[in-house]
Protein chains: 2
Amino acid sequence: MSADDCLFCKMVAGQIPVTKVYEDDVILAFLDIGPISDGHTLVIPKQHYEQLHDCPAELLAQIASRLGKIAGAVSSAMNSDGYNVLCNNGRAAGQVINHLHFHIISRNNGDGLLSRWPSYKYKAGQIESIAARICELL
Amino acid sequence: MSADDCLFCKMVAGQIPVTKVYEDDVILAFLDIGPISDGHTLVIPKQHYEQLHDCPAELLAQIASRLGKIAGAVSSAMNSDGYNVLCNNGRAAGQVINHLHFHIISRNNGDGLLSRWPSYKYKAGQIESIAARICELL
């Protein structure tokens, strides 16, 4: 399953070159050419799915079973102080290519990346009503 | 496997109340009490592992196989324009509780969350040398 006009599907097919760090029958992992930190890696399933909730549970399991090892390698290779694994879904969430992908972003103390985190508190009763709306869909 | 002084292990054990949205034998999903958007959900394995690369591949697979459905429900319930799934590993990456967890963050157009993304380009030869360092560890 691939999409004709998808940049990542073309990378999987070898039609667009990538700087590969890992590949097997399920996933391709390569360096982002517009990194936000050195070693910024993208992990994608070879099959085309747009977003996380579109992707079959079995395939998500296969991707995730490989993510820990790759993230550990990126973090160690970069001598980082930590790392983020980030999956953006939809333009509003920062997704630019409509093919499911996981960013592995090596972090150093005080680098200030992804730093807008304006945590707040719910009003009385709000958290319960939101949880109920989510539970209805699960 | 649990850690005596871990807040999330106490939540799993029922010693600290949570606003639960989903639970089974493998994971617990509940609303973050300090959300950055309404419906901000945390998904944690019941077993205690600190970071993604510490967690066995089989358990990561089990967690991820449940993530898509939960993320879809959060996003739909909040009528969002998108969502992020984010796993912070280490203080430098924003991890506050040392028990592996995935944030599901519902997003709306223009909300400005997680917005510091200072993308740059590698110098000549740099991307290949970085990839080689990562590949050595895989």
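To be clear, the structure that these remarks concern was listed above.
Summarised in this report is the structure supplied together with it. (Residues numbered from 1 in each chain as written. Chains lettered and ligands numbered in written order. Predicted model: local features only at pLDDT ≥ 70, side-chain atom pairs only at ≥ 80, totals over all residues. Heavy atoms only, no water.)

Thoughts on the interface of chain B and chain A
Selection rule: Two residues qualify as a contact provided that any one of their heavy atoms is within 4.5 Å of a heavy atom in the partner residue. Two parts placed together each lose some accessible area; with a 1.4 Å probe, that loss summed over both constitutes the buried area. Each salt bridge in this description consists of a side-chain nitrogen of Lys or Arg and a carboxyl oxygen of Asp or Glu lying within 4 Å of one another. The term polar contact refers here to a pair of N or O atoms within 3.5 Å; inside protein, the definition further demands a hydrogen-donor-capable atom paired with an acceptor-capable atom, and it admits residues adjacent in sequence only when both atoms are side-chain atoms. To qualify as a helix, a DSSP run of H or I must reach at least 4 residues; to qualify as a strand, a run of E must reach at least 2; elements of each kind are numbered from the N terminus. Three classes are used, and their members are as follows: Ala, Val, Leu, Ile, Met, Phe, Trp, Tyr, Cys and Pro are nonpolar, Asp, Glu, Lys and Arg are charged, and the others, Gly among them, are polar. In short, DSSP must find at least two bridges between two strands for them to pair.
The interface is formed by 72 residues belonging to chain B together with 72 residues belonging to chain A. Summed over both partners, the interface of chain B with chain A buries about 6,000 Å², with 66% contributed by carbon and sulfur atoms. Of all residues in chain B, Tyr83(B), Trp117(B) and Leu138(B) give up the largest surface area on contact with chain A, accounting jointly for 11% of the area buried on that side. Run the count over chain B and chain A and you get zero salt bridges. Put simply, chain B and chain A have 30 residue pairs in polar contact (both at pLDDT 80 or more) between them. Elements represented by at least two residues in the side of chain B that touches chain A include exactly strand 1 (20-23), helix 2 (57-77), strand 4 (82-89), strand 5 (102-107) and helix 3 (126-136) of chain B. The element best represented in the side of chain B that touches chain A is helix 2 of chain B, accounting for 15 residues. For the side of chain B that touches chain A, the class distribution of residues is 38 nonpolar, 24 polar and 10 charged. Strand direction decides the pairing type here: strand 4 (residues 82-89) of chain A and strand 4 of chain B, joined by seven bridges, are antiparallel. Across the sheet, Val85(A) pairs through a bridge with Cys87(B), a residue of strand 4 of chain B.

Things to note about the packing of aromatic side chains
All names here are of chain A. Where we set the bar: The aromatic pairing rule takes the rings of Phe, Tyr and Trp, using the six-membered ring of Trp, and pairs them if the centres are within 6.5 Å, calling planes under 30 degrees apart stacked, those over 60 edge-to-face and the rest tilted. Per-residue accessibility, obtained with a 1.4 Å probe over protein chains only, is compared with the maximum for each type, and a residue is labelled buried under 20%, exposed over 50%, and partly exposed between these values.
The final tally for this structure, using the stated rule, is four aromatic pairs over all chains. Relative to Phe 30, the ring of Phe 8 has its centre 5.6 Å away and its plane inclined at 80 degrees; by these criteria the two rings are edge-to-face. Of the two residues, Phe 8 sits in helix 1 (residues 7-12) while Phe 30 sits in strand 2 (residues 27-31), which places them 22 residues apart along the sequence. Geometrically, the ring pair formed by Tyr 120 and Tyr 122 is edge-to-face, given 6.1 Å between the ring centres and 80 degrees between the ring planes. Tyr 122 gets classed as buried once you look at its relative accessible area, which sits at 14%.

Details of the relation of the copies chain B and chain A
Note the threshold: Here the copies were fitted onto each other by least squares, based on C-alpha atoms from residues at pLDDT of at least 70 in both.
Rotating chain B by 180 degrees and translating it 0.0 Å along the rotation axis places it on chain A, where the RMSD comes to 0.0 Å. Taken together, these values place the two copies in the relation of a two-fold axis. For chain B, the smallest separation between a C-alpha atom and the rotation axis is recorded for Ala61(B), amounting to 1.9 Å. When the interface residues of chain B are mapped onto chain A, 100% of them again fall at the interface, so both copies present the same face.

Observations concerning the nonpolar core
The criterion, for reference: What is meant by a nonpolar core is a set of buried Ala, Val, Leu, Ile, Met, Phe, Trp, Tyr and Cys residues, joined one to another through side-chain atoms within 4.5 Å.
Core analysis: the biggest nonpolar cluster contains 62 residues, and Leu52(A), Leu52(B) and Ile63(B) have the highest contact counts within it. Leaving out residues up to four positions away in the same chain, Ile63(B) has contacts with Ile27(B), Val43(B), Pro45(B), Cys55(B), Leu100(B) and Phe102(B). Judged by nonpolar contacts, the second largest core, of 10 residues, contains Ile36(A), Ile105(A), Ile36(B) and Leu113(B).

Observations regarding the sheet that holds strand 5 of chain B
Selection rule: Axis definition: a line fitted to C-alpha atoms, limited for helices to the stretch in contact. Angles are taken between N-to-C directions and run from 0 to 180 degrees.
With respect to topology, 10 strands assemble into an open sheet ordered 1(A)-2(A)-3(A)-5(A)-4(A)-4(B)-5(B)-3(B)-2(B)-1(B), the strand pairing being antiparallel. At either margin of the open sheet sits one strand with a lone partner, and together these are strand 1 (20-23) of chain A together with strand 1 of chain B. Neighbour-to-neighbour, the strand axes of this sheet turn through a mean angle of 20 degrees, independent of strand direction. In terms of strand pairing, strand 3 (residues 41-45) of chain A meets strand 5 (residues 102-107) of chain A through three bridges, oriented antiparallel. Among the inter-strand pairings, Leu42(A) is bridged to a residue of strand 5 of chain A, identified as His103(A). This element, helix 3 of chain B, spans strand 1, strand 2 and strand 3 of chain A of the sheet and lies at about 35 degrees to strand 1 of chain A.

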